[in-house]
Amino acid sequence: MDADRIDADGEALDAYSRVVTRVAAGILPSVAALAVRTGRGTGAGSAVAFDGFLLTSAHVVAGARSGTATFADGMQSRFDVIGADPLSDLAALRAGGAVPPATLGDADRLRVGQLVVAVGNPMGLAGSVTAGVVSGLGRSIPARDGRRVRPIDDVIQTDAALNPGNSGGALAASDGTVVGINTAVAGYGLGLAVPINATTRRIIGELRSAGRVRRAWLGIASVPVPLPPPLAARLGQLHGLRVVEVVPGSPAGTAGIFLDDIIVSAGTEPTETVQTLLKLMLGPAIGTRLPLTLYRRQAMVDVITVPAELT
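First things first, this report covers the structure right here in the doc.

Calculation notes
Residues numbered from 1 in each chain as written. Predicted model: local features only at pLDDT ≥ 70, side-chain atom pairs only at ≥ 80, totals over all residues. Heavy atoms only, no water. Phe/Tyr/Trp six-rings, centres within 6.5 Å; stacked < 30°, edge-to-face > 60°. Buried < 20%, exposed > 50% of the residue type's maximum accessible area, 1.4 Å probe, protein only. Helix = DSSP H or I, 4+ residues; strand = E, 2+ residues; numbered from the N terminus. Expected span 1.5 Å × (residues − 1). Arc of directions from axis to C-beta. Contact = heavy atoms within 4.5 Å. Polar contact = N/O pair within 3.5 Å; in protein donor to acceptor, adjacent residues only side chain to side chain. Pairing = 2+ DSSP bridges.

## Points about the packing of aromatic side chains
Considering all chains together, one arrives at one aromatic pair under this definition. Between the aromatic rings of Phe 50 and Phe 53, the centroid separation amounts to 6.2 Å while the plane-to-plane angle is 40°, which identifies the pairing as tilted. You'll find Phe 50 and Phe 53 in the same group, each marked buried.

## Focus on the environment of Leu 192
With respect to the secondary-structure elements, Leu 192 resides in strand E12 (residues 191-195). A relative accessible area of 3% places Leu 192 in the buried class. With 21 residues separating them along the chain, Leu 192 and Leu 171 place their C-alpha atoms 9.4 Å apart.

## Details of helix H2 (residues 198-210)
For H2, built from 13 residues, the straight-helix expectation of 18 Å at 1.5 Å per residue is met to within 8% by its first-to-last C-alpha distance of 18 Å. Buried residues of H2: Thr 199, Thr 200, Ile 203, Ile 204, Glu 206 and Leu 207, and no others. The arc that holds the buried residues of H2, viewed along the axis, is 160°, so those residues lie on one side. Residues of H2 that are buried sit in contact with strand E3 (53-56), strand E5 (76-85), strand E6 (90-95), E12 and helix H5 (274-280). The opening residue of H2, the one whose side-chain oxygen lies 3.1 Å from the backbone nitrogen of Thr 199, is Asn 197.

## Remarks on the pairing of strand E1 (residues 31-38)
Across the eight residues that make up E1, a large majority, six, are buried. Summarising the sheet, E1 and strand E2 (residues 41-50) pair through eight bridges and their orientation is antiparallel. Bridge pairing in E2 places Val 36 opposite Gly 43. Taken together, the five bridges between E1 and strand E4 (residues 66-71) define a ladder with antiparallel strand orientation. Following the sheet pairing, Ala 35 is matched in E4 by Thr 68.

## Looking at the side chain of Thr 271
Its location among the elements puts Thr 271 in the loop between strand E17 (269-270) and H5. Classification of Thr 271 by relative accessible area gives buried; the value is 0%. At 2.8 Å, the side chain of Thr 271 and the backbone oxygen of Ile 263 are in polar contact. Those residues in contact with Thr 271 that sit more than four places away from it in its chain are Gln 237, His 239, Gly 240, Leu 241, Ile 263, Val 264, Ser 265, Ala 266 and Thr 276.

Given below as structure tokens:
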């Protein structure tokens, strides 16, 4: 019995090792070690090559316009910062040289307990690989851009070891696709990664094309609240967003949204969390009609808002 158990454990370990080594071999050529210099001094981090550009964490290149990227094969290249978005902690860089691109995946398909592999350059140790599982999904960490603070949504938590220098590196699924950009900025002893999904793909596209991310603004603050049971049963959702502040003259104020209104949907999306509404507030929403359905005084009310650009 003991011999059979040892054989089974050995086979499982071999399978685990094969996945990690295969993913690492595919990702390592696409991950660079970054060296940056700003007015505050020098810094380091990681970046991942995609389709002719590098993707990294915004805080890695904060205050820098350029730097040096060193790849696993020893090739060095100067990079220029195309654009950075502190509110998503993502930045796009332009670098010379031919580098094998990694393949973007979809973090929305991840499941807790799934195997992931982290590749980066922690503590100056180039080409380091760690592995673990997805420990949690849907986490949020605060990001600051000047005086604005906004949560980075749907952050991936992993028990793969991440340390300073890993920020900007790749978090890959077992199929070898990159599902997250690692960040060591939280400082909580947690492994966290900004997800690659439909929302961040739009952000990456705006960084590449415009060098910045335009965001829309309604002019409200809201908090999740439980819906009355009959309404929850009718709508098939448990929560809505209670409006706790409306900025005078804002798009929400102009549209006729009032304090204590409960937003139950925006466009076609049920609004059970603040993050649901924030995901809609990207550049394409600016100046377009966004219908909201509200629950007000035991009645459903439809309003049309036109989000303005956040400046």
